[in-house]
Every structure is written in C-alpha cells, then in structure tokens.
Amino acid sequence: MATFIKPRVPRGMRDILPEQMIRRQYVINVIRDVFEEFGFEPLQTPALELSEVLTGKYGPDAEKLIYQAGHTGGKEDISMRYDLSVPLCRVIAMYPQLPKPFKRYQIDPVWRAERPQKGRYRQFFQCDADTVGSDSMLADAENVNLIYQVLSRLGFKQFEININDRKLITGIGQFAGVPTEQLGGLYRSIDKLDKIGLDGVTAELRENEIPEDVIEKLLALLQVEGDALTVLNEMKQQLGDFETASEGIADLEELIGYLTTLGVPEECYRVNVAMVRGLEYYTGPIYETVVEEPKIGSITGGGRYDELIGSFSKQSFPATGTSFGIERIIDVMEEFNMFPTTVGKTVTQVLMTVFDDDLMEESLKLATTLRQGGLRTEVYFRPGKISTQMKYADAKGIPYAVILGSDELASGTAAVRDLATREQENVPLDKIVDHINQRLDNDEIK
RNA sequence: GUGGAUGUAGCUCAGGGGUAGAGCGCCUGACUGUGGAUCAGGAGGUCGUGGGUUCAAAUCCCAUCAUCCACCCCA
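Residues numbered from 1 in each chain as written. Chains lettered and ligands numbered in written order. Predicted model: local features only at pLDDT ≥ 70, side-chain atom pairs only at ≥ 80, totals over all residues. Heavy atoms only, no water.

What follows covers the sheet that holds strand S11 (residues 350–352). The five strands are arranged S12-S11-S13-S14-S15 in an open sheet whose pairing can be described as mixed. With partners counted over all chains shown, the strands left at the sheet margins are strand S12 (377–379) and strand S15 (424–428), one partner each. Averaged over all adjacent pairs, the angle separating strand axes in this sheet is 25 degrees, with direction ignored. In this sheet, strand S13 (residues 400–403) lies alongside S11 in parallel orientation, the contact comprising three bridges. Bridging from a neighbouring strand, Leu351 pairs with Ala401 of S13. Here helix H13 (residues 360–372) sits on the sheet in contact with S11, S12, S13 and strand S14 (413–418), set at roughly 165 degrees to S12. (Pairing = 2+ DSSP bridges. Helix = DSSP H or I, 4+ residues; strand = E, 2+ residues; numbered from the N terminus. Axes fitted to C-alpha atoms, helices over the stretch in contact; angles between N-to-C directions. Contact = heavy atoms within 4.5 Å.)

A separate point is the protein's contact with RNA strand B. Residues in contact with RNA strand B amount to 44 residues; listed here are only the nearest, Arg120, Arg188, Lys192, Glu408 and Leu419. Within the side chain of Arg115, a nitrogen or oxygen atom sits 3.0 Å from a base oxygen of RNA strand B. Take Arg188: an N or O atom from its side chain is 3.3 Å from a phosphate oxygen of RNA strand B. Contributing elements (two or more residues each) for the surface near RNA strand B: strand S5 (123–132), strand S9 (298–304), helix H14 (386–396), helix H15 (406–410) and S14. Partitioning the surface near RNA strand B into residue classes produces eleven nonpolar, twelve polar and 21 charged. (Near = heavy atom within 4 Å. Polar contact = N/O pair within 3.5 Å; in protein donor to acceptor, adjacent residues only side chain to side chain. Nonpolar A, V, L, I, M, F, W, Y, C, P; charged D, E, K, R; others polar.)

What follows deals with the side chain of Glu327. The residue Glu327 is located in helix H12 (residues 326–335) in this model. Residue classification places Glu327 among the buried positions, given a relative accessible area of 5%. In contact with Glu327, not counting residues within four places along its chain, are Arg14, Arg24, Tyr121, Gln123, Phe124 and Phe125. (Buried < 20%, exposed > 50% of the residue type's maximum accessible area, 1.4 Å probe, protein only.)

Moving on to H12. Across the ten residues that make up H12, a large majority, seven, are buried. Within the span of H12, buried status applies to Ile326, Glu327, Ile329, Ile330, Asp331, Val332 and Met333. Of the residues one or two after H12, Asn337 is the one with positive phi, at around 55 degrees.

Cis geometry is found at the peptide bond from Lys100 to Pro101, where omega equals -5 degrees. The backbone of Asn337 sits at a positive phi, close to 55 degrees, despite the residue not being glycine. Among the secondary structure elements, Asn337 is positioned in the loop between H12 and S11.

Inspection of the entire model under this criterion finds ten aromatic pairs. Every member of this aromatic cluster is reached through a ring pair, and the members are Tyr58, Tyr82, Tyr281, Tyr282 and Tyr305. Over the ring of Phe317 we find Lys100, and its NZ or CZ is 4.3 Å from the ring centre. (Phe/Tyr/Trp six-rings, centres within 6.5 Å; stacked < 30°, edge-to-face > 60°. Lys NZ or Arg CZ within 6 Å of the ring centre and 35° of its normal.)

Taken together, the eight strands give an open sheet; going across it, the order is S1-S4-S5-S10-S9-S8-S6-S7, and neighbouring strands pair in mixed fashion. Where the open sheet ends on each side, the last strands, each with one partner, are strand S1 (41–42) and strand S7 (269–271). As paired strands, S5 and strand S10 (residues 319–325) are joined by seven bridges and run antiparallel to one another. Pairing of Val132 across the sheet is with Ala319, part of S10. Helix H11 (residues 243–262) contacts strand S6 (160–165), S7 and strand S8 (285–290) of the sheet and is inclined by roughly 145 degrees relative to S6.

With that settled, the discussion passes to the packing of helix H1 (residues 18–37) against H12. Put simply, H1 and H12 touch, their axes get as near as 11 Å, and they point 115 degrees apart. Classed by the angle they form, the pair H1 and H12 counts as roughly perpendicular. The chirality of how H1 crosses H12 is right-handed. From H1, Gln20, Arg23, Arg24, Tyr26, Val27, Ile28 and Ile31 reach across to H12, where they touch Ile326, Glu327, Ile329, Ile330, Met333 and Glu334. Here the residues of the contact of H1 with H12 sort into eight nonpolar, one polar and four charged. (Parallel < 35°, antiparallel > 145°, perpendicular 65-115°, else oblique. Left-handed = near helix turned anticlockwise from the far one by under 90°.)

Here it is, written out as structure tokens:
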C-alpha cells in the first residue's frame with residue numbers, strides 16, 4: 001500500500017501558477033521600467049543573512065518574526081532576510097568603493113513569520129528603490145515621485161501617499177512632554193487616527209494615562225487639515241520652539257517644493273502628522289501609500305534612514321528609499337479588474353494544430369517559421385480531431401490557431417483562426433507571420 | 001502572539017447519528033476538417049487531518065492543520 005505525503009506548502013506561502021505569474025510579471029515589469037528610468041541599478045543579495053546582520057535593526061516586535069535558517073551541523077547562525085534595506089546597508093558597508101550616490105533597486109522575496117491574512121503573506125516580494133550617500137531632500141522627493149509614477153502607470157486612480165517626518169514626530173513627543181517609556185504607546189495611538197478617529201485616539205491616550213491637558217494639546221495638532229504647506233505652516237506655529245521639529249518641518253517644506261517642480265499632482269499626497277511607521281531605523285521623512293478600497297493595509301512604505309549603515313561601519317552614509325508590495329498591489333488590481341486585456345491567460349500566441357500524421361512534417365515546418373517570425377507558438381502533440389485542438393486553444397486562452405489540412409496545403413495556404421471572433425481566413429504560407437503579427441498589433445491598440 | 005468564523009466533488013454551495021447531493025465545470029457520443037448551443041451517457045468525494053463517544057459518525061465531543069475576519073504589526 002502506497003502512502004502519500006499530503007501535498008501542501010507552509011503556512012502563509014503559496015504557489016503562483018502560470019496565469020497569475022503572467023500578471024505578476026506585468027506588474028514587476030512596470031515597476032522595473034520606472035526604477036531604471038530614474039537610474040536605479042539592479043542588485044541582488046542572498047536570501048539568507050548572518051543573524052547578527054539582522055538583529056537589533058527592526059525593533060523587538062518585528063525581530064520575533066524573523067525566520068531562523070540553520071542546517072544540521074551548521075556552524076553559522078543564519079536567518080532569512082526580513083526586508084531588503086538592511087541587506088543593502090550591509091552591502092554598502094562591505095563595498096565602500098561604490099560611487100555615491102549609489103542608487104539601486106532590488107525585487108526579491110522576504111520572509112516574515114506573521115499570522116497570514118488577505119494581502120499578508122509569510123513570503124512576499126518587496127520592490128525596493130534606495131539612494132545611498134545623499135542627504136538631499138531631492139532623493140526623498142524622487143522616492144515619492146517613483147510611487148506616483150508606478151501607481152499611475154498601473155492604472156491606480158485613488159491612492160494617497162502619506163508623508164511625515166520622524167523629526168517632526170519626535171517634536172510632537174517633546175511637545176507632549178511625556179516620559180520616554182510612554183513615547184511608544186503615544187505614537188502607536190496617534191498612528192491609528194485614520195482608523196479609529198479623534199475620539200478613539202483620545203480614549204487610547206487616556207488608557208495610556210497621558211495627562212488630560214497634554215491630550216488636548218495633541219488633539220489640536222492632529223486636527224490640522226489642508227494642503228501640504230498649510231499643514232506645515234500650522235505645525236511651525238505650534239511646534240516652532242522645538243528644534244528637532246523645526247528641522248523636520250524645513251525638510252518637508254523642501255521635499256514638497258521638489259514634488260511641485262517634478263509635477264507630482266497635489267491630490268496624490270498629503271502631509272499626515274499622525275502617520276508614524278513602526279520600523280525603528282527611520283530618521284527623517286517617511287512615506288506610506290494607502291488605498292481606500294479595498295482596505296488592504298499599505299501598498300508602499302519607506303523613508304530616510306541615515307544612521308543604519310553606521311551600525312555596520314565607521315564610515316556611515318545617509319540613505320533613503322521606498323518599497324512596493326506587489327502582492328497587495330496585485331490583490332487590489334484583481335479586485336478592480338485593472339489588468340489590460342493584453343495581459344492574457346497564456347504566453348502562447350498561436351496554436352499550430354496538426355491535422356493528421358501525414359501532415360505532421362509540414363505542420364512542424366510551419367511552426368518553426370512562425371517561431372522564427374517572433375510568434376510564441378505551441379504545437380499540438382496528438383494529430384487528430386480539430387475540435388479537440390480548438391477546445392484546447394480555447395481553454396488555454398490562446399488567441400490564434402493555425403490549421404494546415406490537405407486542402408490548404410494544396411493551395412499553398414493555411415487557415416488562421418481568431419479564437420475570440422471565430423473569424424477564419426486562408427493566408428498564403430509566406431504571409432502568415434505578417435498576417436498574425438498585424439492582428440496582434442491591432443489587439444494591442446484596442 | 002490574542003479573540004472569532006469557516007473547512008462536504010475541479011468551482012460555488014445544500015444537507016445532517018444509519019456508510020453522500022445540486023448547479024456549474026470536466027470526459028465520451030450524436031458531429032470521421034473547426035472551441036461558446038442542444039440532447040444522451042459517464043468519470044470524479046478517506047465529507048480538512050487525527051483521536052474520542054456510539055451498535056452506528058460526514059453529522060456529537062476533543063485536538064490539530066489550513067483559510068478568512070478583528071486586534072497586533074505591516075508590503
């Protein structure tokens with residue numbers, strides 16, 4: 001009796017089958033095109049890092065989610081990477097000769113042992129673009145522009161890039177005057193503003209035993225509305241006495257100025273002083289993109305982390321970057337049918353049918369011609385009923401079928417059938433490649 | 001990590017202590033040169049997994065795993 005291992009994958013991980021893989025590749029290609037358009041260079045690092053490289057960077061809560069990756073008898077303490085930014089910092093410290101500013105992108109999986117949910121997986125891809133070695137706010141503005149470019153090219157209409165600054169947040173902490181050990185709770189409560197509203201935040205602050213007069217001052221800050229510069233002006237009024245906050249505000253003003261010059265539309269971003277972000281390594285501007293529908297968490301995140309490289313080397317460099325989560329982007333795009341019709345179910349463009357054994361040779365020759373003409377062509381392996389072969393093409397979503405029977409062969413033609421419209425035309429053998437290519441171009445335009 | 005819901009055919013689900021149903025899909029034929037229709041036949045399920053209660057469990061109980069939802073956190 002054969003016993004079988006139940007086929008399954010670890011929690012929070014999944015296979016990505018061809019139909020879905022085609023959509024993923026489309027999204028990744030758009031992102032890569034934009035990254036390269038801005039002069040970011042590709043980089044790849046190992047999936048595994050020495051544990052000491054990863055620890056102490058993300059904060060205690062996040063660190064619990066890092067996968068250990070040792071092997072039997074292994075002498076090294078190894079973990080699976082949790083993000084792409086920390087490995088980048090390791091690279092910068094290891095190769096100090098790289099010319100600065102160093103702009104790199106990386107599109108690779110990371111692992112986090114979280115409890116899975118929709119849009120939340122234990123293995124997922126991050127698409128990161130980072131600039132190392134420049135403290136210019138232009139680098140940060142470029143990050144925001146990157147987000148705007150990618151999302152609008154993917155067809156997103158409703159998205160909001162939230163922008164804040166760690167220094168400004170620190171200023172709010174000083175302004176509130178709460179002791180250091182309460183700061184974390186304070187930030188966490190504020191961060192929920194969009195979710196639980198002013199009343200919810202008030203309640204949470206009370207629970208955290210923040211004094212009533214401080215709560216009032218904070219609420220006044222959080223209620224500030226308006227366009228980016230209005231919000232910043234208001235912050236200047238209220239927080240101007242705190243040096244760190246002033247620096248943050250000045251940085252953001254510069255950043256917003258660049259956004260305007262770069263042509264990033266105002267309605268795509270806002271200064272949101274309540275947006276905090278958990279990762280400990282951020283030091284300056286931070287950004288996060290949310291879509292309202294469906295509620296799926298943030299689809300991009302990022303910010304400036306000027307101190308992180310300093311944990312690997314005496315010679316530190318300022319750095320800033322942003323990260324796209326393609327799983328969530330794809331989930332949203334699927335929910336709203338945002339994929340262009342040219343992103344099909346299959347890579348194959350033509351099915352070369354085989355009429356019978358006698359015509360196999362001619363059919364294979366024609367398939368070779370089609371392939372040489374740049375057409376992705378699949379040959380049906382079992383000669384026989386055309387109906388079966390048509391069904392196969394239909395099921396796979398192959399747009400065109402070529403039929404070469406004895407009648408066609410006698411007249412030096414083959415029938416080209418459009419599966420979608422059911423139109424069929426006899427075309428001379430030497431014109432077939434052009435004929436199909438032209439039809440594919442027309443499909444593209446539609 | 002905490003709390004909750006769900007888990008029956010490829011898919012969507014119904015049923016409910018006496019060893020399984022529907023719709024859609026799939027396969028075959030009517031249709032020996034053409035896939036979305038019709039008709040006729042057919043295949044396919046250890047009722048998530050493991051234990052317990054019972055003469056009997058898919059149905060009740062426990063555990064476990066997976067998915068989803070909220071919290072936490074985040075891409």
